Amino acid sequence: MAHHPDKSQHRPVQKIPDGSPGLWLQAQLFAITLLMRVILSLRIGSWRDDLRAWFEPLLAWSHSVIRHELHAPQFRHLLLFLVLWIGGASADTVTYDWNITWVWASPDGFAREVIGVNNQWPCPLIEATVGDTVVINLYNQLGNQTCGLHFHGIDQANTPWMDGPSGVTQCGVPPDTSLKYQFTVDHPGTYWYHSHAPGQYPDGLRGPIVFHDPNDPYSGQYDEDYILAVSDWYHSESLPLVQEMLQPENTDFLPPIPDNITNKTYRIRWINYAAFAAAMLHFDSHTMSVIMIDGQYVKRQDAYQLRLSPAQRYDFLLTGSTNDSGNYPYLMSLDLNRDWTNTTEEQRWDLNYTGYLVMDKSQPLSDQDVVDLWQPRDEVDFEPYDDEGILDPYDQMIMLNFTFCFDENDYPRACFNNLTYVGQLVPTLYSAATTGTDNSNPVVYGQVNPLIVNNSAIVQIVINNFDTSAHPFHLHGHHFQVVYRAPSEAGVWPGRDENYTSVPPRRDTVTVQPNSYVVLRFKANNPGVWLLHCHIEWHVEMGLTATIIEAPDVLRGMTFPDDHIAVCNKSGIPTEGNAAGNTENYTDTTGMQTVPDEEYTGAEYTTKKRRRQLHHQMGSFFFT
């Protein structure tokens, strides 16, 4: 539940008439107090600090109760807390210790350095269960680059500083420096993590996330669980498709689909890690039954073809029939077309991968799955499992017009409303926490395309795509409702709220068609700083990003983990004040950067205070 600082959080309570607790109640309170002290004395890992934060105020309260100040409802609340805590004590803390390192790999036959974890690539799976605490202890051993991790699709409720984009919710982690990410798993589903340092995740720093659901509505309807990850992979002479098949129990490469699938049903978690290309998927003679999109349960629907934009996920069930014989091919094709729905244009399907459903290992893997025309199921043609209706009416309207543009130095950029995103000196979340009541003024954030969203508001976002190609747009911190997605060449939003879906699907990434628009809605119940951006990686680097400052009144005075602050200090990046680090006059724009650097260095690391402070006077870089 969101905290409203403008509303009283206390209700009048009725005291016990005689003002003095009975001996039985006193005995119970002493027992509870003793239990809390015993728990706090135990070595219980990362929970201890959290429990101490909970228990110490309760201990102080229990002493006051014993001094004849018993409030009966408060006593019930204390007992309820203990019952809930004991009932949830089975939740685990899942810890990963990761050294981020350079690794040689050649997934397409061309060997080059990629970014891996603990000297291995592909990167490992993060796996946990709803209610667990996930801890990733990251240590940067890249030597010459900063890094960081974004947990794509994880809303980070109550932990917005763990979202991961460098320069937004944290500073980039310098070489030979560590940082701890920690958050609670509050939603099940298929997600993924990737670097959100500039231009870095196409070089390998990405991997799958699976959060299991003890109350999975589709439990019992499948026998095994597999991850099917697809990406585009780049070097100077090729753009091949790379498929990675992983099991939650095993992060090694596996055959495309396991042997002996006859009479079994598999849950396939399909993830697109690509920096640019969408992917099409079709199984010969077998149907995909979709049960989840972008980590959101949907009512089971069959699909014969699916299209997955960069960053999206589908969970579907695939069943081997007793009537199957031989081995069945499946086809995955990268979609490099501007508009796959436009049949009047010549379509390119040059990059294909054929895998197999293996029924009989003695039979050859030689058949091909031929698709004459790609007509995938519409990505918004799904119903949410919980039947949540459209959020209506909405309180705030955000209109974003996307075009390609040029900056003042005549370099090509990408723009929302004629402005390209330009990163600033102070991470945006830190500015929101340290600029007092001025944090509701977009001026303090500089040219990060800031959008102020009120606490608990229902927000409608319209994205008009003026480009001739489709683009996938992702929102951090929320799963939005896709209330309407217009077809290609529909033009701009007409300014009327009509023909919207009454029970819209929810997801975190949506494809906006060429020369068209999409209408999204979400409830601003997750205070934080959240990016909205195209998930084509070089479009992000070209500035196709906006920043939502959600519930600024709640963000005032927010504090951050010591190691997060230390990371900034090591790089000489201030953690207070407006975008330029001004702590005296938050609306003073002096020092804010409005023009992107002419020299692009991505995530390269310099021991100088900050490379943007060297704008137009780039010096030598010293790498460890």
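About the cut-offs
Residues numbered from 1 in each chain as written. Predicted model: local features only at pLDDT ≥ 70, side-chain atom pairs only at ≥ 80, totals over all residues. Heavy atoms only, no water. Phe/Tyr/Trp six-rings, centres within 6.5 Å; stacked < 30°, edge-to-face > 60°. Helix = DSSP H or I, 4+ residues; strand = E, 2+ residues; numbered from the N terminus. Buried < 20%, exposed > 50% of the residue type's maximum accessible area, 1.4 Å probe, protein only. Lys NZ or Arg CZ within 6 Å of the ring centre and 35° of its normal. pLDDT = per-residue confidence, 0-100. Contact = heavy atoms within 4.5 Å. Disulfide = S-S within 2.5 Å. Polar contact = N/O pair within 3.5 Å; in protein donor to acceptor, adjacent residues only side chain to side chain. Salt bridge = Lys/Arg side-chain N within 4 Å of Asp/Glu carboxyl O. Pairing = 2+ DSSP bridges. Axes fitted to C-alpha atoms, helices over the stretch in contact; angles between N-to-C directions. Arc of directions from axis to C-beta.

## Considerations on the packing of aromatic side chains
1) Next: For the structure on display, the rule yields 25 aromatic pairs.
2) Next: Aromatic side chains Phe-151 and Tyr-181 sit 5.3 Å apart centroid to centroid with 75° between the ring planes, which places their arrangement in the edge-to-face category. Residue Phe-151 is found in strand β5 (residues 150-152), and its partner Tyr-181 is found in strand β6 (residues 178-184); the two are separated by 30 residues along the sequence.
3) Next: Residue class for Phe-151 comes out buried when judged on its relative accessible area of 0%.
4) Next: Residue Tyr-181 is classed as buried on the basis of its relative accessible area, which comes to 0%.
5) Next: Between Phe-402 and Phe-473, the ring centres sit 6.1 Å apart and the planes meet at 70°, which makes this aromatic pair edge-to-face. Of the two residues, Phe-402 is situated in strand β19 (residues 396-406) and Phe-473 in strand β23 (residues 471-475); the sequence distance between them amounts to 71 residues.
6) Next: Classification of Phe-402 as buried rests on a relative accessible area of 0%.
7) Next: Through successive ring pairs, a cluster of aromatic residues spans Phe-151, Tyr-181, Phe-183, Tyr-191 and Phe-211.
8) Next: Residue placement shows Arg-307 over the ring face of Trp-340; its charged tip is 3.7 Å from the ring centre.

## A closer look at the confidence of the model for the chain
1) Next: On average, residues of the chain score 85 in pLDDT, and 78% of them reach the 70 mark or higher.
2) Next: Taken as a whole, residues 1-21 scores under 50 in pLDDT and shows 23 contacts with residues more than four places along the chain or in a different chain.
3) Next: The low-confidence segment residues 59-89 (pLDDT under 50) makes 50 contacts with residues lying over four places distant or belonging to another chain.

## Some remarks on the state of the cysteines
1) Next: One pass over the structure, following the stated rule, counts 2 disulfides.
2) Next: Note that Cys-171 is cross-linked by a disulfide to Cys-568, the S-S spacing being 2.0 Å. On the sign convention where negative means left-handed, the S-S torsion of about 105° between Cys-171 and Cys-568 marks this disulfide as right-handed. Linking Cys-171 in the loop between β5 and β6 with Cys-568 in helix α7 (residues 562-571), this pair joins segments that are 397 residues apart in sequence. No difference in accessibility class separates Cys-171 from Cys-568, as the two residues are buried.
3) Next: With its sulfur 2.0 Å from that of its partner, Cys-405 forms a disulfide with Cys-415. Between Cys-405 and Cys-415, the disulfide has an S-S torsion of 85° and is therefore right-handed. On the criterion of sequence distance, the pair formed by Cys-405 in strand β19 and Cys-415 in strand β20 (residues 412-416) is long-range, its members being 10 residues apart.

## Observations concerning the environment of Thr-509
1) Next: Looking at the element boundaries, Thr-509 is found in strand β26 (residues 509-512).
2) Next: It is 6.8 Å that separates the C-alpha atoms of Thr-509 and Ala-311, two residues lying 198 residues apart in sequence.
3) Next: Here His-152 takes part through its side chain, which lies 3.4 Å from a polar atom of the side chain of Thr-509.

## Examining the pattern of salt bridges
For side chains of opposite charge, pairing can occur when their charged atoms come near one another.
1) Next: Summed over all chains, the structure comprises 21 salt bridges.
2) Next: Residue Arg-269 pairs with Asp-225 through a salt bridge whose shortest N-O separation is 2.8 Å. Remark: Asp-225 occurs in strand β9 (residues 224-232) and Arg-269 occurs in strand β11 (residues 265-272); sequence separation between them is 44 residues.
3) Next: According to the relative accessible area criterion, Arg-269 is buried, its value standing at 2%.
4) Next: Residue classification places Asp-225 among the buried positions, given a relative accessible area of 12%.
5) Next: Between Asp-294 and Arg-313 there is a salt bridge, with the nearest N and O atoms lying 3.6 Å from each other. You can see Asp-294 sitting in the loop between β13 (288-293) and β14 (296-303) and its partner Arg-313 sitting in strand β16 (residues 313-319), a full 19 residues away along the chain. With respect to burial, Asp-294 and Arg-313 carry one shared label: buried.
6) Next: Through salt bridges with shared partners, one network takes in Asp-216, Asp-225, Arg-267, Arg-269 and Asp-315.

## Considering the sheet that holds strand β4 (residues 133-140)
1) Next: Strand order in the open sheet made by the 4 strands is β2-β1-β4-β6, with mixed pairing throughout. In this open sheet, the two strands that pair with only one neighbour each are β2 (112-117) and β6. Strand-to-strand twist of the sheet, defined as the mean angle between neighbouring strand axes without regard to direction, takes the value 20°.
2) Next: Relative to β4, strand β1 (residues 93-105) is paired through 8 bridges, and the arrangement is parallel. Bridged to Asp-97 within β4 is Asn-137.

## Focus: the environment of Gly-199
1) Next: Within the secondary structure layout, Gly-199 lies in the loop between β7 (189-194) and β8 (206-212).
2) Next: On the basis of relative accessible area, Gly-199 is assigned to the partly exposed category, the value being 29%.
3) Next: For the pair formed by Gly-199 and Glu-537, sequence separation is 338 residues and the distance between their alpha carbons is 6.4 Å.
4) Next: Sequence-distant contacts of Gly-199, defined by excluding residues within four places in its chain, comprise Glu-537, Glu-541 and Tyr-600.

## Considerations on the pairing of β14
1) Next: Here 5 bridges tie β13 to β14, and the two strands are oriented antiparallel to one another. Residue Ile-293 lies in a different strand from β14, and its bridge partner there is Gln-296.
2) Next: In this antiparallel pair of consecutive strands, β13 and β14, the connection spans 2 residues, and Asp-294 shows a positive phi of 50°.

## Here we look at α7
1) Next: Residues of α7 that are buried include every one of His-564, Val-567, Cys-568 and Ser-571, and no others. Seen from one end, α7 has its buried residues packed into an arc of 95°, which puts them on one side. Along α7, exposed side chains directed more than 90 degrees from the buried face belong to Asp-562 and Asn-569.
2) Next: Each element contacted by the buried residues of α7 is listed here: β6 and α4 (428-434).
3) Next: Following α7 by one or two positions, Gly-572 adopts a phi angle in the positive range, close to 70°.

## Describing the side chain of Gln-481
1) Next: Along the polypeptide, Gln-481 turns up in strand β24 (residues 480-485).
2) Next: Reaching out from Gln-481, the side chain makes a polar contact with the backbone nitrogen of Leu-391 at a distance of 2.9 Å.
3) Next: With sequence-adjacent residues up to four places away left out, Gln-481 is seen in contact with Glu-388, Gly-389, Ile-390, Leu-391, Pro-504, Pro-505, Arg-506, Val-519, Leu-520 and Arg-521.

## Examining the sheet that holds strand β29 (residues 545-550)
Picture the strands of a sheet paired through backbone hydrogen bonds; they go either parallel or antiparallel.
1) Next: As summarised here, the arrangement of the 5 strands in space is β21-β29-β28-β23-β26, forming an open sheet in which the pairing is mixed. Across the chains shown, the open sheet's two edge strands, defined by having one partner strand only, are β21 (450-453) and β26. Taken pair by pair, the neighbouring strands of this sheet meet at an average axis angle of 20°, ignoring direction.
2) Next: Two elements, β21 and β29, share 4 bridges in a ladder whose sense is parallel. Counterpart to Leu-451 in the pairing with β29 is Ile-548.

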